[in-house]
Amino acid sequence: IDPGETTKELENGGDIVSEASATAVTVNASIAGKGAAAALDEVWDGGTEAAATARGIVAGAVDTTLCTDGSITTGAEATSASASAAITGQGLSAAITTSTATADSIGIDAGEGKDIVANTGAIDAGAEAEAYAISAAITGKGVAVAGDAVWDGGTKAKARAAGIDTGAGADAIGNTAAVKAESSARTVGAALSVAGQGITGAISTSTAESEAVGIAS
């Protein structure tokens, strides 16, 4: 339920199911017999990105009175994958890639303000984020460099799940039902550089954040 504007009173007596899924895949390849080959994505801006957001009930950033007695189930799943390969027979070979996945799932999102939430229905919120990035640079003779956005946490996955979230403000929450929140975040970052003769360099990192909160205020 999303009224689309700020709402001061909202009541619900039915069951709600909200699910969101996002998948992003990028493949970059560059090949040169002699000279320079480079393969990369937007590593300066998160690279390949997937974001999924699921909400059962949303209220705006005003003082809200929200009453619900139906069950609420929300699930958000985001998967991003990026691969870059650069190959040269002789010369410079460079491959840089990264990916970002974000999953956000909230059963009741009351927003900011002085909120009153009364809930008597079961809430189940789940979030899962997976991010993968693989880069490979190969040269027969010369320089091969492979990596990801190590200056910004590299490959990143962030998942957050909350049963009830009332945001900032002086809030009052009454809940008499089971609230379940689960989240998981996984990342894989790999960099490979190969040179038959010359210089190689590979650097990679990854960051995973997972947060699950039953009731946040």
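Now for a description of the structure that goes with this document. In this text, all values refer to a predicted model and were calculated from it rather than measured experimentally.

What about the overall build of the protein chain?
Reasoning step 1: The number of helices and strands found in the protein chain is 0 helices and 12 strands.
Reasoning step 2: Taken from the N to the C terminus, the helices and strands of the protein chain come in the order β-β-β-β-β-β-β-β-β-β-β-β.
Reasoning step 3: Its C-alpha atoms give the protein chain a radius of gyration of 23 Å, more than 25% over the compact-globule value 17 Å for 217 residues.
Reasoning step 4: Considering only C-alpha atoms, the protein chain reaches an extent of 70 × 25 × 25 Å along its principal axes.
Reasoning step 5: Contacts in the protein chain between residues far apart in sequence, at least 24 positions, make up 85% of those at least 6 positions apart.

With respect to the pairing of strand β7 (residues 116–119)
Reasoning step 1: Burial along β7 is one-sided: V117 and N119 are buried, and none of I116 and A118, which face the opposite way, are.
Reasoning step 2: Where strand β4 (residues 65–68) lies against β7, 4 bridges are found, and the strand directions are parallel. When the bridges of β7 are listed, L66 appears paired with V117.

Concerning the nonpolar core
Reasoning step 1: By size, the foremost hydrophobic cluster in this structure holds 18 residues, and its most contacted members are A52, A78, A103 and A129.
Reasoning step 2: If you list the elements that add at least two residues to this core, you get β2 (16–40), β3 (48–58), β5 (72–96), β6 (99–109), β8 (123–147) and β9 (155–165).
Reasoning step 3: Broken down by element, the residue count for this core peaks at 4 residues, all from β8.
Reasoning step 4: In terms of nonpolar packing, the next biggest core, distinct from the first, is built from 10 residues, I57, I72, A110 and V117 among them.

A few points about the sheet that holds strand β10 (residues 172–175)
Reasoning step 1: Spatially, the 4 strands line up as an open sheet ordered β1-β4-β7-β10, and their pairing is parallel. Two strands bound the open sheet, and with one partner strand each, they are β1 (9–12) and β10. Between one strand axis and the next, the sheet turns through 5° on average, direction left out of account.

Focus on the pattern of salt bridges
Reasoning step 1: In this structure the tally under the stated criterion is 8 salt bridges.
Reasoning step 2: With a shortest N-O distance of 2.3 Å, R186 and E130 are connected by a salt bridge. Of the two residues, R186 sits in strand β11 (residues 179–203) while E130 sits in strand β8, which places them 56 residues apart along the sequence.
Reasoning step 3: For E130, a relative accessible area of 15% puts it in the buried group.
Reasoning step 4: One salt bridge in this structure joins K180 and E182, with 4.0 Å as the shortest N-O distance.
Reasoning step 5: Note on K180: relative accessible area 40%, which makes it partly exposed.
Reasoning step 6: On the basis of relative accessible area, E182 is assigned to the partly exposed category, the value being 45%.

Quick notes on the sheet that holds β3
Reasoning step 1: Taken in spatial order, the 4 strands line up as β3-β6-β9-β12 in an open sheet, and their pairing is parallel. If you trace the sheet from one side to the other, it starts and ends with β3 and β12 (206–216), each paired once. Put simply, the sheet's adjacent strands are angled 0° from each other on average, direction ignored.
Reasoning step 2: Pairing analysis gives 10 bridges linking β9 to β12, with the strands arranged parallel. Bridge pairing links K158 to E209 in β12.

As for the environment of E182
Reasoning step 1: Residue position: E182 is located in strand β11.
Reasoning step 2: Distance in space between the C-alpha atoms of E182 and T7 is 28 Å, their sequence separation being 175 residues.
Reasoning step 3: Residues contacting E182, with those up to four places away along its chain left out, are A125, G126, A127, A161 and A212.

Description of the side chain of D115
Reasoning step 1: For D115, the location among the structural elements is in the loop between β6 and β7.
Reasoning step 2: Here D115 occupies a buried position and makes no salt bridge, while the nearest side chain of opposite charge, K114, is found at 10 Å.
Reasoning step 3: Within the structure, the side chain of D115 is placed 3.2 Å from the backbone nitrogen of T64, a separation counted as a polar contact.

Here we look at the environment of T88
Reasoning step 1: Following the sequence through the fold, T88 ends up in strand β5.
Reasoning step 2: On the basis of relative accessible area, T88 is assigned to the buried category, the value being 2%.
Reasoning step 3: Non-local contacts of T88, meaning those with residues more than four positions away in its chain, are made with A32, G33, G35, A36, A37, S93, I138, T139 and G140.
Reasoning step 4: A polar contact is formed between the side chain of T88 and the side chain of T139, at a distance of 2.9 Å.

Scoring rules and cut-offs
Residues numbered from 1 in each chain as written. Predicted model: local features only at pLDDT ≥ 70, side-chain atom pairs only at ≥ 80, totals over all residues. Heavy atoms only, no water. Helix = DSSP H or I, 4+ residues; strand = E, 2+ residues; numbered from the N terminus. Rg over C-alpha atoms; globule rule 2.2 N^0.38 Å. Contact = heavy atoms within 4.5 Å. Buried < 20%, exposed > 50% of the residue type's maximum accessible area, 1.4 Å probe, protein only. Pairing = 2+ DSSP bridges. Core = buried A, V, L, I, M, F, W, Y, C linked by side-chain atoms within 4.5 Å. Axes fitted to C-alpha atoms, helices over the stretch in contact; angles between N-to-C directions. Salt bridge = Lys/Arg side-chain N within 4 Å of Asp/Glu carboxyl O. Lys, Arg positive; Asp, Glu negative; His and termini not counted. Polar contact = N/O pair within 3.5 Å; in protein donor to acceptor, adjacent residues only side chain to side chain.

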